[in-house]
Amino acid sequence: MTRRATAAALVLLLAAAMSYRVQAQIGYDRLLNAAKEPRNWLIYSGGYFSNRYSALTQITPANAKNLELKWMYQAAVAGAWQTTPLVVDGIMYLTQRPNDVVALDAKTGRVFWIYRHQLDPTQIVCCGSNNRGLAILGDTLYMGTLDAHLIAIDTKSGRPVWNTRVADNKAGYSVTLAPLVVKDKVMIGVGGGEYGIRGFVAAYDARSGSEIWRFYTIPGPTEAGFESWNACPPDAKPYCDSEAWKHGGGSVWVTGSYDAALNQTYWGVGNAGPDWNADQRPGDNLYTDSVVALDADTGRLKWHYQFTPHDRYDYDSVQVPVLADVTWRGTPIKAMVWANRNGNFYVLDRETGRFLVGKPFVKVNWMDTFDERGRPRQTVQPPGQPTWPGNQGGTNWYSPSYSPHTGLFYVSAWENYATIFGGTPVEYQEGRNFGGGQNRPLVPIPGAPSIPGLRRGPINNWTEAAATGAVLALDAASGDMKWRYPMTDVTDSGILTTASDVLFTGGREGYFHALDARTGSLLWKASLGAQIVSGPITYEVDGRQYVTAISGLSLCVFGLRE
């Protein structure tokens, strides 16, 4: 064989190997049983129950100290990188800012292809050019975009299959969450609550991209819940809006969950608009600050629970709905467990929405008690006085974890953090900020640094007087705290647990931690040099377990020392 022929043969072999690796077929049955193939990470939160729990056991409390960096991938665009990768039969698919999709070898980090979506230059987005990940079905990936499109992408070539416009990005609509595939449908929600959108969850045909159903999180005049957008009273202030529902917010910007046995999909809904001037929108303002349970086939509302009626604190309830089967007062319950931005831990019956447990997990003074149906009695603080928790909440969008092995629910918390809220009138204008207020962080020490925004620079001038961060382990049936792992800075990282009782998480200091999931003791940590603002995942290739962390612009992949 000639040298040229040999080279050509090698190219063909390499191409064939690459093609073999990227030809994963992910049917709906594999998504339903994602927990049974822990070598992969097939859904944003690991499975439809959104537990962020893996059955892998190679990394244990005894050997976690032997973790070492195996490979890294560097993103090209600066900013908080909040994605959760998917891993499918040795291939990793992930999004990077602003709306790129990358296919990598999950063992070596070798890049196979990159798809880049060209954004509409007029797109309007709050809080950074974030994209939190992908969904997969068959040989197609699905990504939402900052200019409010849903795009299907071929897993083998990285080429777009179809591109559907979801909403008008000029009005502030965006899609920043990872889609959720259920059966033959791709489900998404829209962001833009800070711009006075009317939020919704929608399902699209996975093959064609055509819309199948849409559920508005702000009901219209003929829909149930519309009565919660009360008419302005005769003595209302001039800026009370008699049609506040038209731009009532209710964005959905974190991926929901699904219970196949009930055929219900669950989504957390964001704040009302305007965020802080609640006088403009009398009433409870459904379905803002709520969880909604929808029929997965039709989008019809089955039930809802509102965590913060008539919200004046921007307490988005977009936290991941975690589904768990627990024993409550001696009875097995199909439960939903939830650590809410408003500072309370909840247990709901996920079949009916019945309120079972409500208990603070951080300091709370915006309310004091619940009635028998779970409605909070609110205790609005006098003007100029602090409210706990503050504007960013006791926790936020970053993913918690539930371990059926320990029975514990794990959450990243902001502790002792308060804000002095102030609402002001604001007139709705399409595409303009619709916050309606100017708030101040509580600074207990004169001249001390306060909350440095959602992101901080390379110099850590944090003061523990303003707030501290911690990983909390709560009993999933009662909310009782079992242990607490403190951090100096507050934390924006998600959490992962495994069947060997190892917990992985990060922090704004740039440390990646492995903790004992039963006791909270530190097993290992590594300094990665920048904030960690996404959730770890774990997977297996060729018999070896890996765990990921994203720090700054770097995707870091760790495994045990060989």
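Up top is the structure these notes are about.
Since the model is a prediction, treat every value here as computed from it, not as a measurement.

## Quick notes on the overall build of the chain
In step 1: A tally of regular secondary structure across the chain gives two helices and 37 strands.
In step 2: In terms of principal-axis extent, the alpha carbons of the chain reach across some 95 × 50 × 50 Å.
In step 3: Burial status across the chain gives 62% buried among its 562 residues.
In step 4: Counting only contacts in the chain whose residues sit at least 6 apart along the sequence, the fraction spanning at least 24 positions is 60%.
In step 5: Accessible surface, the chain: about 20600 Å² in total, of which carbon and sulfur atoms supply 52%.
In step 6: The distance from the centre of the 50 positive side-chain charges to the centre of the 50 negative ones in the chain is 6 Å.

## Observations regarding the side chain of T265
In step 1: Tracing the backbone shows T265 in strand 16 (residues 264-268).
In step 2: At a separation of 2.9 Å, a polar atom in the side chain of T265 contacts the main-chain carbonyl oxygen of S257.
In step 3: Ignoring anything within four residues of it in the chain, the contact list for T265 reads L180, M187, S257, Y258, V292, A293, L294 and A296.

## Side note on the nonpolar core
In step 1: Core analysis: the largest hydrophobic core is formed by 59 residues, its most contacted members being Y93, W113, Y142 and W267.
In step 2: No other element matches the five residues that strand 13 (residues 200-205) contributes to this core.
In step 3: Not counting chain neighbours up to four residues away, the residues in contact with W113 comprise Y93, V101, V102, A103, L141, I153, D154, T155, K156, S157 and G158.
In step 4: Counting 35 residues, the second largest nonpolar core, distinct from the first, contains V254, V347, F361 and A467.

## Focus on the environment of F409
In step 1: With respect to the secondary-structure elements, F409 resides in strand 26 (residues 408-415).
In step 2: As for F409 and A324, which are separated by 85 residues in sequence, their C-alpha atoms are 9.6 Å apart.
In step 3: With residues near it in sequence (within four places) discarded, F409 still touches V322, V337, W338, A339, F345, P400, S401, Y402, L472, A473, L474 and A476.

## Thoughts on the pairing of strand 21 (residues 344-349)
Looking along a regular strand, one sees side chains alternate from face to face of the sheet.
In step 1: The element strand 21 is extensively covered by neighbouring structure, given that six of its six residues are classed as buried.
In step 2: Going residue by residue along strand 21, you find N344, Y346 and L348 tucked away on one face and F345, V347 and D349 tucked away on the opposite face as well.
In step 3: Summarising the sheet, strand 20 (residues 331-339) and strand 21 pair through five bridges and their orientation is antiparallel. Bridged to M336 within strand 21 is L348.
In step 4: Between strand 20 and strand 21, which pair antiparallel and follow one another directly, the connecting turn spans four residues, one of which, G343, has a positive phi of 95°.

## Some points on the sheet that holds strand 16
In step 1: Within the open sheet, the four strands sit side by side as 15-16-17-18. Their pairing is antiparallel. The open sheet has two edge strands with one neighbour each: strand 15 (257-259) and strand 18 (301-306). The mean inter-strand angle of the sheet, taken between neighbouring strand axes irrespective of direction, is 20°.

## Section: the packing of aromatic side chains
In step 1: According to the stated counting rule, one finds 31 aromatic pairs in the structure shown.
In step 2: Ring geometry for F226 against W245: centres 5.8 Å apart, planes inclined by 85°, an arrangement best described as edge-to-face. Separated by 19 residues along the polypeptide, F226 in the loop between strand 14 (211-216) and strand 15 and W245 in the loop between strand 14 and strand 15 bring together distant segments of the chain.
In step 3: On the basis of relative accessibility, which here comes to 14%, the residue W245 falls in the buried class.
In step 4: On the basis of an interplanar angle of 65° and a centroid distance of 6.0 Å, the ring pair of W397 and Y398 is categorised as edge-to-face.

## As for the state of the cysteines
In step 1: Tallied over the full model, the rule gives one disulfide.
In step 2: The side chain of C232 participates in a disulfide bridge whose partner is C240; the two sulfur atoms lie 2.1 Å from each other. Disulfide C232 to C240: torsion about the S-S bond roughly -95°, handedness left-handed.
In step 3: Overall, C240 belongs to the buried group, its relative accessible area being 15%.

## Notes on the environment of L42
In step 1: Relative to the assigned elements, L42 resides in the loop between helix 2 (28-32) and strand 1 (53-54).
In step 2: The spacing of L42 and D492 is 450 residues in sequence and 23 Å in space, taken between C-alpha atoms.
In step 3: The residues touching L42, leaving out its near neighbours within four places in the chain, are I26, R30, L31, A34, E37, L86, V87, V88 and I136.

## What about the pairing of strand 16?
In step 1: Taking burial as the measure, the five residues of strand 16 include five buried ones, the bulk of the element.
In step 2: Of the two faces of strand 16, the one carrying Q264, Y266 and G268 and the one carrying T265 and W267 are both buried.
In step 3: Note that strand 15 and strand 16 share three bridges and pair antiparallel. Bridge pairing links S257 to Y266 in strand 16.
In step 4: Counted between consecutive antiparallel strands, the loop separating strand 15 from strand 16 contains four residues, among which N263 sits at a positive phi close to 55°.
In step 5: Pairing of strand 16 with strand 17 (residues 290-295), which is carried by five bridges, proceeds in the antiparallel orientation. Within strand 17, the residue paired with G268 across the bridge is V291.

## A word on the sheet that holds strand 9 (residues 149-154)
In step 1: Read from one edge to the other, the open sheet built from four strands follows the order 7-8-9-10, with strand pairing classed as antiparallel. Only two strands of the sheet have a single partner each, and these edge strands are strand 7 (135-137) and strand 10 (160-165). Each strand axis lies, on average, 20° off the axis of its neighbour in the sheet, ignoring direction.
In step 2: Sheet topology places strand 7 next to strand 8 (residues 140-144); three bridges connect them, and they run antiparallel. Bridging from a neighbouring strand, A135 pairs with Y142 of strand 8.

## Structural notes on unusual backbone geometry
In step 1: At the junction of G273 and P274, the peptide bond is cis and its omega measures out at -5° in the coordinates.
In step 2: Take P274: it is sitting in the loop between strand 16 and strand 17.
In step 3: Of note, the amide linkage connecting W388 to P389 takes the cis form, showing an omega dihedral of -10°.
In step 4: Of note, the phi angle at D289 is positive, near 55°, even though the residue is not glycine.

The rules behind the values
Residues numbered from 1 in each chain as written. Predicted model: local features only at pLDDT ≥ 70, side-chain atom pairs only at ≥ 80, totals over all residues. Heavy atoms only, no water. Helix = DSSP H or I, 4+ residues; strand = E, 2+ residues; numbered from the N terminus. Buried < 20%, exposed > 50% of the residue type's maximum accessible area, 1.4 Å probe, protein only. Contact = heavy atoms within 4.5 Å. Areas by Shrake-Rupley, 256 points an atom, 1.4 Å probe, with all protein chains shown as cover. Lys, Arg positive; Asp, Glu negative; His and termini not counted. Charge placed at Lys NZ, Arg CZ, Asp CG, Glu CD. Polar contact = N/O pair within 3.5 Å; in protein donor to acceptor, adjacent residues only side chain to side chain. Core = buried A, V, L, I, M, F, W, Y, C linked by side-chain atoms within 4.5 Å. Pairing = 2+ DSSP bridges. Axes fitted to C-alpha atoms, helices over the stretch in contact; angles between N-to-C directions. Phe/Tyr/Trp six-rings, centres within 6.5 Å; stacked < 30°, edge-to-face > 60°. Disulfide = S-S within 2.5 Å.

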